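# Remarks on the overall topology
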Amino acid sequence: MTTHSAESTAVIDVEHARPRVRPLRIIGGLLLASVVLALLWFLISNERFEWPVVAEYLFNGSVLVGLGMSLMLTAIGMVLGSVLGTFLAAGQLSDFWPVRMASMGFVGLFRGIPPLVQLIFWYNLAYLLPRISVGVPFGPELFSWSTNDLITPITAAIIGLSLHEAAYMAEIIRAGILSVDQGQRDAASAMGFSRWHTFTRIILPQAMRVIIPPTGSQVIALLKGTSLVSVIAMGDLLHAVQVIYNRTYEVVPMLIVAVIWYLVVVTVLTVIQRRVEDHFGRGTTRIAVKRTARAKERQS
Amino acid sequence: MTMESSGLIVQPRMADGSPLLRVSQVRKRFGDQVALDGASLDVYEGEVVAILGPSGSGKSTLVRCIDQLESIDGGSMSFEGDLLGFEELRGHLRPLTDAGRRRQRRRMSMVFQQFNLFPHWTVLRNITEAPMRVHGVSAGEARRRALELLERIGLADKAHAYPRHLSGGQQQRVAIARAVAVRPRILLFDEPTSALDPELVDEVLQTMKTLAAAGHTMVVVTHEVAFAREVADRCVFMADGRVVEDRPSEDFFTDPRSERLRTFLTRSGRSQNEVAD
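Residues numbered from 1 in each chain as written. Chains lettered and ligands numbered in written order. Predicted model: local features only at pLDDT ≥ 70, side-chain atom pairs only at ≥ 80, totals over all residues.

### What to know about the overall build of chain A
- Within chain A, the secondary structure is distributed over 14 helices and two strands.
- For the C-alpha atoms alone, the extent of chain A along its principal axes is close to 105 × 70 × 30 Å.
- Among the 300 residues that make up chain A, the fraction classed as buried is 28%.
- Pairs at least 24 apart in sequence give 74% of the contacts found in chain A among residues at least 6 apart. (Helix = DSSP H or I, 4+ residues; strand = E, 2+ residues; numbered from the N terminus. Buried ≥ 20, exposed ≤ 12 C-beta atoms within 10 Å, placed from the backbone. Contact = placed C-beta atoms within 7 Å.)

### Thoughts on the overall build of chain B
- Across its full length, chain B holds nine helices and twelve strands.
- At 19 Å, chain B has a C-alpha radius of gyration in line with the 19 Å of a compact globule built from 277 residues.
- Each of the three principal axes of chain B carries a C-alpha extent, and together these read 60 × 50 × 40 Å.
- The burial tally for chain B puts 44% of its 277 residues in the buried class.
- Long-range pairs, those at least 24 residues apart, make up 67% of the contacts in chain B between residues at least 6 apart in sequence. (Rg over C-alpha atoms; globule rule 2.2 N^0.38 Å.)

### Notes on the sheet that holds strand 8 (residues 108–111) of chain B
All names here are of chain B.
- Across the sheet, six strands lie side by side as 8-9-10-3-11-12; this open sheet has mixed pairing. Sheet topology places strand 8 and strand 12 (242–248) at the edges, where each strand pairs with a single neighbour. Direction aside, neighbouring strands of the sheet carry axes that sit 15° apart on average.
- As judged from the four bridges shared by strand 8 and strand 9 (residues 186–190), these two strands associate in the parallel manner. In the sheet register, Met108 faces strand 9, and the bridge partner there is Ile186. (Pairing = 2+ DSSP bridges. Axes fitted to C-alpha atoms, helices over the stretch in contact; angles between N-to-C directions.)

### Some remarks on the nonpolar core
- Ala50(B), Ile51(B), Ala177(B), Leu188(B), Val219(B), Val220(B) and Val236(B) are the most contacted members of the largest nonpolar core, which has 111 residues in total.
- For this core, the element with the most residues is helix 9 (residues 153–179) of chain A, which contributes 13 residues.
- Core analysis: the next-biggest nonpolar cluster, separate from the first, contains 13 residues, Val63(A), Leu237(A), Val241(A) and Trp261(A) among them. (Core = buried A, V, L, I, M, F, W, Y, C linked by C-beta atoms within 7 Å.)

### Observations concerning the sheet that holds strand 4 (residues 74–79) of chain B
All names here are of chain B.
- Strand order in the open sheet formed by four strands is 2-1-4-5, with antiparallel pairing between adjacent strands. Each edge of the open sheet is held by one strand with a lone partner, namely strand 2 (33–43) and strand 5 (82–83).
- Examined bridge by bridge, strand 1 (residues 21–30) and strand 2 share eight bridges and lie antiparallel to one another. For Phe30, the partnering residue across the bridge sits in strand 2 and is Gln33.

### Overview of the pairing of strand 12 of chain B
- As judged from the six bridges shared by strand 11 (residues 234–239) of chain B and strand 12 of chain B, these two strands associate in the antiparallel manner. Bridge pairing in strand 12 of chain B places Arg234(B) opposite Pro248(B).

### Remarks on the interface of chain A and chain B
- With 20 residues of chain A at the interface, the matching set in chain B holds 20 residues.
- Within the residue set of the side of chain A that touches chain B, elements represented by two or more residues are helix 10 (182–190), helix 11 (195–225) and helix 14 (285–299) of chain A.
- Considering every element that reaches the side of chain A that touches chain B, the biggest residue donor is helix 10 of chain A, with six residues.
- Its residues placed into classes, the side of chain A that touches chain B shows seven nonpolar, ten polar and three charged. (Nonpolar A, V, L, I, M, F, W, Y, C, P; charged D, E, K, R; others polar.)

### Side note on unusual backbone geometry
- In this structure, Glu50(A) is a non-glycine residue whose phi angle is positive, near 50°.
- Tracing the chain through its elements places Glu50(A) in the loop between helix 2 (23–45) and helix 3 (51–58).
- Among the residues examined, Glu50(A) registers 16 C-beta atoms within 10 Å and is labelled partly exposed.
- Positive phi outside glycine occurs at Asp240(B), with the angle close to 50°.
- For Asp240(B), the position within the fold is in the loop between strand 11 and strand 12.
- The exposure class of Asp240(B) is partly exposed, given the 15 C-beta atoms found within 10 Å.

### Some thoughts on the packing of helix 3 (residues 123–133) of chain B against helix 5 (residues 168–180) of chain B
All names here are of chain B.
- Two elements in contact, helix 3 and helix 5, have axes separated by 8 Å at closest approach and are oriented at 25°. Relative to helix 5, helix 3 is oriented roughly parallel. Read as a crossing pair, helix 3 and helix 5 show a hand that is right-handed. Contact with helix 3, carried on its side by Val123, Asn126 and Ile127, involves Val174, Ala177 and Arg178 of helix 5 and no other residues of that element.
- Taken together, the residues of the contact of helix 3 with helix 5 sort by class into four nonpolar, one polar and one charged. (Parallel < 35°, antiparallel > 145°, perpendicular 65-115°, else oblique. Left-handed = near helix turned anticlockwise from the far one by under 90°.)

### So, the pairing of strand 4 of chain B
All names here are of chain B.
- Bridge count for strand 1 against strand 4 is five bridges, and the pairing is antiparallel. Along strand 4, the bridge assignment pairs Val23 with Met77.
- With two bridges joining them, strand 4 and strand 5 adopt antiparallel strand pairing. Bridge pairing in strand 5 places Ser78 opposite Leu83.
- Turn length for the strand 4-strand 5 hairpin, with the two strands adjacent in sequence and antiparallel, is two residues, and the turn residue Glu80 shows positive phi of about 50°.

### Some details on helix 6 (residues 201–213) of chain B
Residue and element names in this part refer to chain B.
- Taking 1.5 Å of rise per residue, 13 residues should cover 18 Å, and helix 6 covers 18 Å from first to last C-alpha, within 8% of that figure.
- When we look at burial in helix 6, the residues that qualify are Val204, Leu205, Thr207, Met208, Leu211 and Ala212. For helix 6, the angular spread of buried residues about the axis comes to 155°, placing them on one side.
- Along its buried surface, helix 6 packs onto strand 3 (48–52), helix 5, strand 9, strand 10 (218–221) and helix 7 (225–231).
- Among the residues trailing helix 6, Gly215 stands out with phi positive, at a value near 95°. (Expected span 1.5 Å × (residues − 1). Arc of directions from axis to C-beta.)

### Looking at the confidence of the model for chain B
Residue and element names in this part refer to chain B.
- Residue-level pLDDT values for chain B average 90, and 91% of them are 70 or greater.
- Confidence drops under a pLDDT of 50 for residues 1–12, and excluding neighbours within four residues, the segment shows 23 contacts in the predicted structure.
- Model confidence for the complex is summarised by a pTM of 0.80, with the ipTM given as 0.88. (pLDDT = per-residue confidence, 0-100.)

### Notes on the environment of Glu141(A)
- Structurally, Glu141(A) is set in strand 2 (residues 141–146).
- Under the C-beta neighbour-count criterion, Glu141(A) is labelled exposed, with 10 such atoms within 10 Å.

Here is the structure:
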């Protein structure tokens, strides 16, 4: 049965084959390496970066306080924005048209106004509304506050960023909800689940797969967006370094300090986002594919 | 463990001879399209009723209306003597609240063409969720019942798998177990084998036969003429949103009265032979 050619094939073993030489890849690699080297050289040799100053201020107290404020604003804006956004998304999909119209109006308004304009607007609310009061409409007043006491830079920042974020999150969550198959709703109804149970246990967890990736980008955008609050004298990271360079005139090194912190936080957030995506991908093909791939690796 | 404790055997309750489910003159339209045009149907305790008919005849819409997944535009339905979806309030019929509708739905279960298992939950949680959350069964009891049902349909080893890792036939059997786990008074099937590859149809039909033999009241919308003939007590033929023939199974196939049913049976018989070839 065995022929001569089959025998000679049996002797050949491709395991010891050598990689092919690919000239274009070598040239491309060298080009990229030289660009990286040139960049590094620029960063190191240009004395105007003033790296010692960067090192001196990187862990400066007021810079860290500013960073903490930026993180806090991001967290508050994201939590309030997501909660309000979830209600707005559900409202936009409501079968009761006044709720639908109100939700759509809110999203249209707050998505349409630039966040910087909103921040300045909320900060100057006292001009439009000197006193804020709670009471029966056209009747007696129960509580009343001076708007100037309520609207500080921090409340203006929280209101502005949260409302802006809510409008964006509403759109993201709505898209997520719509991505869930109608059959899931049918099955949940047929089993007698309440609307709330259906929404929180069946629809939202499945919508998460679609909601998480753009939400990760939203968190990053919001973190960077907190730098806008420096215009209303709110002590965020950018404001903290501005205060320092207004005194020392070391503008570039101080901006580098801010850039380093923004990049560190964004990198950490990206890692967290990947983890969360994997978590909510349970039971879907994507994970199944990963698992089989891992199983194959183990076999080999 | 007895058959009864797993929910596979049902004890008859309506002893007064009135139907368990009564559908009378139900009308339903989707926009301009009339889906149900005065459909009527009675289902008695312990009966297996097969609904056959060409596509677009309204048979799926009918079972979806019974489970109140669609609202009806006219006529009425009652289940165990209760009007479905409406109540008399201050001298007029008014739609039930969500909670009222949920209470009525608890006594029925539905199996869908596309299975509609919850993909983010394991097989076990798919089955235990409704008994626990809707019917107040304890976690341990729900789990015990679910594992016993899985044992019976031969999928005990899949309890902790996610639906995506099961074949279509296995998913549909799990969906049937999920429907049975709440011990419904009636089981509704909406074309349970239409989305399956041909070689997976039999295992699902086998599971349904077991349920029928155990005395479950079942309404089955199906294209499986052979199954209807073998398992159903009564067969209902629908066309253009109406029930055209409603007969005991033996007469339905041997002595069809209407021209439309005769044509339908000849055609489906021919296509089944083609499949067999």
